[in-house]
Amino acid sequence: MSSAAFEVRPYPEMWAELDMDVGRFDKARQMLGEVYRKMFLSQKNRPANMAYFDNMVAEIFGGRIKEMLAVKKKGKPVVGTFCVYIPEEIVVAAGGVCVGLCGGSQGSVPDAEKVLPRNICPMVKSAYGFKAGRICPYFQSVDFVYGETTCDAKKKTWELLDRLVPTYVMEIPQMKKKRDRTLWLEEVQEFKAKVEEVCKTTISSEDLAGAIRVINDKRRALQRLTRLRAASPAPISGKDALLIEQIAFYDEPVRFAEKVNTLCDELEQRVAAGIGATPADAPRVMVSGTPMALPNWKVHNLVESARAVVVNEESCIGTRYFKDLIAEDKKTMDDQLAVLTDRYMQIDCSCFTPNDERIDQILKEYRESKAQGILHYSLQFCHTYNIEEIKVREACEKEGIPYLSIESDYSPEDVGQLQTRIEAFLEQIRG
Ligand code: BJ8
């Protein structure tokens, strides 16, 4: 698709049927197309197989929604989530669709601020605002949403979101002791029961085994993509890799894994031929911290506009989502739920205390990705990541790793200041 021909395609009739604010949403659609053209399609030397992901963006408000509605028509559930702790394998086992609803756009924040306090995390405000303003076809399509008790902003917002869409909450433990695992297993069992109740079905161990394989395959494909980014020159830009990680939260999982693997085949050839998305001497940056929900491309765009390349995202829209797999050899439901619970307990979110595994994981990914510096990214008012940042900084100081910490929101107001700081950081790496 040529850059000039690219647009995020409009589906006004379907949006009207979904009770959306169509006039307002159509302006957002056009703006997204423009931003995408400028940030993504202007990149030189992109892998040819990015075409599939470009099309996923073109169809983000249309084709994929139609697929989800078709699943719903068959009586299967479409479940919205906001956290990688919600076990999507169980939704897939019930024949349903799990879709990530985290907000990454400034456009919906004013809708949220009519109700929620201004001084809370922009991701929570953006997500709530999408529903309150009726400006997200995904939110309008879900049967129900599942929140969690990770941070305070989220868990209190669910009480208000429940007035707009049926909202259930999983209790995520805050520590990783034996009793916390017991609690989490019970929560997983309850989640399964809720999904079964809503879609009037019983999930068999065969269903769950199939779903575990499907989601493992998706995670394996993303692991493969991450490994390939360690090559020098990096065969794909950080922006494109982040986009793929974001699309993982709304695409159909079997097709997605297949397309990521096709892209990886091409990237292997590029690595063998020494073809990079940027020159081999471009500074290599690893980003670590809070998730960047679509269309939050701010930091990657600033880093790569300064002729550097992002080679890893230690984040829930990144490696935290796919680094761990579920054992596939369990035959009974009890054994399957046990290994599923164990896999999810490994997620090293800063909402846990203590959470030193995350510090070790950051250093491991830094080495594996052959990065030359770590940029810690935290959304404004995210206390757990902002405070845990101190330990990340100390670890980087100890290891002599060039380090920059930034805290930002979705508004463009701090772009100039961030650009200056990022350029100084890259100068430090260039030496
Ligand atoms: S497992 S990182 S996806 S909670 S950035 S809303 S924590 S104030 S997103 Fe997350 Fe699950 Fe943890 Fe991952 Fe709150 Fe912080 Fe906002 Fe956050």
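Numbering of residues begins from 1 in every chain and follows the order in which that chain's sequence is written. In keeping with the predicted nature of the model, local features appear solely for residues at pLDDT of at least 70, side-chain atom pairs appear and are counted solely at 80 or more, and the whole-chain, interface and lining totals rest on all residues. Neither water nor hydrogens contribute to the side-chain values; these are computed over all heavy atoms in the structure.

**Q** What am I meant to see in unusual backbone geometry here?
**A** Cis peptide bonds are those with omega within 30 degrees of zero, and the linkage from L294 to P295 qualifies with 5 degrees. Strands here are runs of E lasting at least two residues and helices are runs of H or I lasting at least four, both read from the DSSP assignment and numbered beginning at the N terminus. The residue P295 is located in the loop between β5 (284-289) and α14 (298-305) in this model. A cis amide bond links T353 to the next residue, P354, at an omega of -10 degrees. Look at K370: it is not a glycine, yet its phi comes out positive at around 55 degrees.

**Q** What is the right way to read the pattern of salt bridges from this model?
**A** Pairing between side chains of opposite charge can happen when the charged atoms of each approach one another. For this analysis, a salt bridge means a side-chain nitrogen from Lys or Arg found within 4 Å of a carboxyl oxygen belonging to Asp or Glu. Tallied over the entire structure, the rule returns 40 salt bridges. Note that K194 and E197 form a salt bridge whose closest N and O atoms lie 3.3 Å from each other. A residue pair is termed a helical-turn pair when its members lie 3 or 4 positions apart in one helix, as K194 and E197 do in helix α10 (residues 178-198) at three residues. The salt bridge involving D217 is made with R220; its shortest N-O contact spans 3.0 Å. One end of the pair is D217 and the other is R220, both in helix α11 (residues 205-228) and three residues apart, which spans about a single turn. Partly exposed residues are those whose accessible area sits between 20% and 50% of the maximum for their type, while under 20% is buried and over 50% is exposed, using a 1.4 Å probe and protein chains only. Residue class for D217 comes out partly exposed when judged on its relative accessible area of 36%. Through salt bridges with shared partners, one network takes in E314, R320, D348, R358 and E388.

**Q** Looking at this structure, I do not really get the packing of aromatic side chains. What am I missing?
**A** The pairing test for Phe, Tyr and Trp rings, Trp by its six-membered ring, is centres within 6.5 Å, and the orientation test on the planes gives stacked under 30 degrees, edge-to-face over 60, and tilted for anything in between. Counting across every chain of the model gives 18 aromatic pairs. Seen in terms of ring centroids, F144 and Y146 are 6.1 Å apart; in terms of plane orientation they differ by 70 degrees. Their pairing is edge-to-face. The residues F144 and Y146 share a single accessibility class, namely buried. Residues F144 and Y168 carry aromatic rings whose centres are separated by 5.5 Å and whose planes lie at 80 degrees to one another, so their mutual orientation is edge-to-face.

**Q** Sorry if this is basic, but what is going on with the sheet that holds strand β7 (residues 373-379) here?
**A** Two strands in a sheet stick together by hydrogen bonds in their backbones, pointing the same way (parallel) or opposite ways (antiparallel). The pairing criterion is simple: DSSP has to find at least two bridges between the two strands. Spatially, the four strands line up as an open sheet ordered β6-β5-β7-β8, and their pairing is parallel. Of all strands in the sheet, those with a lone pairing partner are β6 (309-314) and β8 (403-408), marking the two edges. Pairwise comparison of adjacent strand axes, ignoring direction, gives a mean angle of 25 degrees for this sheet. Note: β5 against β6, five bridges, orientation parallel. Residue R284 lies in a different strand from β6, and its bridge partner there is V309. Against the sheet, helix α19 (residues 415-430) engages β5, β7 and β8, with an angle of about 165 degrees to β8. Axes here refer to lines fitted to C-alpha atoms; in helices the fit is confined to the stretch in contact. Angles between the N-to-C directions go from 0 to 180 degrees. Residues are treated as being in contact if the distance between any of their heavy atoms lies within 4.5 Å.

**Q** Is there a simple way to explain the site of the ligand in this structure?
**A** C83, C151, C316, C349 and C382 are the nearest of the 16 residues found near the ligand. Note that Gly is not counted as nonpolar here; it falls among the polar residues with everything else outside the nonpolar set of Ala, Val, Leu, Ile, Met, Phe, Trp, Tyr, Cys and Pro and the charged set of Asp, Glu, Lys and Arg. Residues belonging to the shell around the ligand are distributed by class as follows: twelve nonpolar, two polar and two charged. A single heavy atom is enough: if one lies within 4 Å of a molecule or strand, its residue is considered near that molecule or strand.

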